[in-house]
Structures are given as structure tokens and as C-alpha cells.
Amino acid sequence: MTHDPRPFGRLLTAMVTPFAPDGSLDVEGAAKLATYLVDEQRNDALVVSGTTGESPTTTDAEKDTLLRAVVEAVGDRAQVVAGVGTNNTAHTIELAHAAEKAGAHGLLVVTPYYNKPPQSGVARHFLTVADAVGLPVMVYDIPHRAGTAIATETMCRIAEHDRIVAVKDAKGDFVASSWVLSRTGLAYYSGDDAATLPLLSIGGAGLVGTSTHFTGVLAKDMIEAFERGDNAAALTLHRQALPLFTGIFRVPGTMLVKAGLNAQGRPAGPVRSPLVDATGAELDQLRQDAAAAGISL
């Protein structure tokens, strides 16, 4: 199946969900953060209600409110991809329908987690969701969180569906990704910031990033340098961003992104339990990692 090689552009950020000091959804803050990510960090699209957006601890109603606020804030300047994946196919379809009504441009659907379905169940989950909606789907392959990897044959099978167009690849298996890229028209986006340049080298489309709340400009420049054939410039930018590409994951990325945004005076607020807010020492280390990448927090 032939698809747009970059259906969601080159650079996406998995946006954190801003909360007020009392832990409630900060709708105005979400709109401001989305605007910053698009207009200043050069994102082509945003993912809302992914894991970085604390989707496990937001309600369905909050997800809908958040999505509508972000869609309105970015207008026609960027696409908005809604994280709707759960380990319950029926619930995932409910969220997908709601996202479609709220104006999402695409859906991020993660492998069902915890219940560890066989590959036949994994395939049926994705195909059933794609059948139920009219939006393009990005499949999220992250076995270290989900507990189940999407096998190469399964990925090639689901790629035959018209609406399954992309993969957020956090498997860390470039050989498997190479095989899928050689056999399908799926657009592969790195789900690991530091793996973006290696993935581009085997045919990847771009990045769905976490550190890109801060490194968006560097990441976009790196991707564009690679695409114009300037491999030396791309490598230089990769190495410059590497301390923050990796440092953002010293603890769960949401914690450090929110700490960094709060330090910059941008909307973020606290995290929700069971996550905990970053410590002063963790923020100090983040500042060191950011400085090493030439970014001030």
C-alpha cells in the first residue's frame, strides 16, 4: 500500500498535558503550550494524550476537552494526532470516535498493554480500530511499555489497511524496522529522540519526540539537513542535541519536561500520581543536559 511518505510531517512532539496547581486540567495553558510548540519549536504536528501527556490518569472527558483546545489553538498551522490507544479494543474505538468528532487529524494507537495478546489479537485490534474510523492511524510499537512487540509479519499485514499509514517506532530494532520499511509504505517516526538519525538512514520519516519541547528547532534542522543530503550537518546536530535527547529520559520524560517548562515559566504544572514531580537535583541535572545541548532552562 502506497501512502504519503510523511503523513504527519517530519517533526511531532508528544505534548505534556498542563495541569493547574490543584491538579485540574489547565485548558488555557494547553492552548498556549501547543502554540509555543508549533510556532517556536517548529513542530509539524502534535500528539495529545499520549503517555507523555499522562493519558493513563486523564479522564475521557478531559481528553476530549484537551484535544478541542489544542485543535483550536494550532488552527491550520499543524496537525493534531490524538492518543486513543488502550488495552480494550471497544474503549479505544470509543475514544477514536470522540477524537474524530473533536477535529483530530490522526490517531495514535498503542499496542494493547498488560493483557499481552497474541499477534493475531494485536492485528485484529489495530484493524478493528482502523475499520471503525475515517482518520489515518499511527501505530505505536513500544514493547518495553506494552509488554508485546508488533512482529514484522503483523506489521506488514496491518499495513495493507488504507488508514494505517505510520508507525511510532520505539522498539529499538533497526533490522525489524528495515524489513517493514522495505515491504510496506508505512511512514516510520522514531519514538526515541536519540534514534531519529539512525532511523532516517534506513528510510524513516521523522520523530515523535519528548525532548522536543526544548530541542524542536535542533531536531527539525537535523531532519532537514539529512533530507537535503548534508549528512555531516545532520550528524553534528544529532551530537549537539544528544545530551538532552537522552537526558530527558533519566526519569520518566513527563516529569522532566514539566520541570523544564515550569522553570521556563511555560504552562505545565504538576504531574498526577503515580508520577511524582521532579526533584531539585533532577532539575539541576536537566539544566546541565540542556546546557550541553546549547539550550538554557
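Note that the structure is a prediction, hence the values are computed from the model and not measured.

Chemist: Got a minute to help me understand the UniProt feature "site: Part of a proton relay during catalysis" (unreviewed entry) in the protein in this structure?
Modeler: Mapped onto this structure's residue numbering, the UniProt feature "site: Part of a proton relay during catalysis" (unreviewed entry) falls at T51 and Y114. With relative accessibility at 32%, the residue T51 sits in the partly exposed group. Not counting the four nearest positions on each side in its chain, T51 is found in contact with R145 and T254. Structurally, Y114 can be placed in the loop between strand 4 (106-110) and helix 4 (119-132). Excluding residues within four positions of it along the chain, Y114 makes contact with N87 and A146.

Chemist: Help me understand the pairing of strand 3 (residues 79-83), please; the structure alone is not making it clear to me.
Modeler: Remark: a regular strand shows side chains that alternate across the two faces of the sheet. Burial of strand 3 is extensive: 4 of the 5 residues sit out of reach of the surface. Here strand 2 (residues 45-48) pairs with strand 3 via 4 bridges, running parallel. Of the residues in strand 3, the one forming a bridge with L46 is V80. Chirality of the crossover, the property in question, places the unit of strand 2, helix 2 (residues 60-74) and strand 3 among those that are right-handed. Where strand 3 meets strand 4, 3 bridges bridge the pair, whose relative direction is parallel.

Chemist: I keep staring at the sheet that holds strand 8 (residues 206-209) and nothing clicks. Help me out?
Modeler: Strand pairing in a sheet relies on backbone hydrogen bonds, with the paired strands running either antiparallel or parallel. Strand order in this closed barrel of 8 strands is 1-2-3-4-5-6-7-8, and the pairing throughout is parallel. Strand-to-strand twist of the sheet, defined as the mean angle between neighbouring strand axes without regard to direction, takes the value 25 degrees. Taken together, the 5 bridges between strand 5 (residues 137-141) and strand 6 (residues 164-169) define a ladder with parallel strand orientation. Residue pairing for strand 6: V137 is matched across the bridge by I164. Packed onto the sheet, helix 4 meets strand 4, strand 5 and strand 6 and runs at close to 160 degrees relative to strand 4. Across the face of the sheet, helix 9 (residues 212-227) comes into contact with strand 1 (11-14) and strand 8 while running at roughly 160 degrees to strand 1.

Chemist: What is the right way to read helix 7 (residues 174-183) from this model?
Modeler: Because each turn of an α-helix spans 3.6 residues, side chains separated by three or four positions in sequence point in the same direction. Taken residue by residue, helix 7 has A176, S177, V180 and L181 as its buried positions. Viewed end-on, helix 7 has its buried residues packed into an arc of 135 degrees, placing them on one side of the element. Exposed and oriented more than 90 degrees from the buried face of helix 7 are V175, W179 and S182. Each element contacted by the buried residues of helix 7 is listed here: helix 6 (152-158), strand 6, strand 7 (187-190) and helix 8 (196-201). A distance of 3.3 Å separates the backbone nitrogen of V175 from a side-chain oxygen at the start of helix 7, and that oxygen is part of D173.

The rules behind the values
Residues numbered from 1 in each chain as written. Predicted model: local features only at pLDDT ≥ 70, side-chain atom pairs only at ≥ 80, totals over all residues. Heavy atoms only, no water. UniProt positions renumbered as here; feature names shortened; annotations may be inferred. Buried < 20%, exposed > 50% of the residue type's maximum accessible area, 1.4 Å probe, protein only. Contact = heavy atoms within 4.5 Å. Helix = DSSP H or I, 4+ residues; strand = E, 2+ residues; numbered from the N terminus. Pairing = 2+ DSSP bridges. Right-handed = clockwise from strand over helix to strand, strands pointing away. Axes fitted to C-alpha atoms, helices over the stretch in contact; angles between N-to-C directions. Arc of directions from axis to C-beta. Polar contact = N/O pair within 3.5 Å; in protein donor to acceptor, adjacent residues only side chain to side chain.

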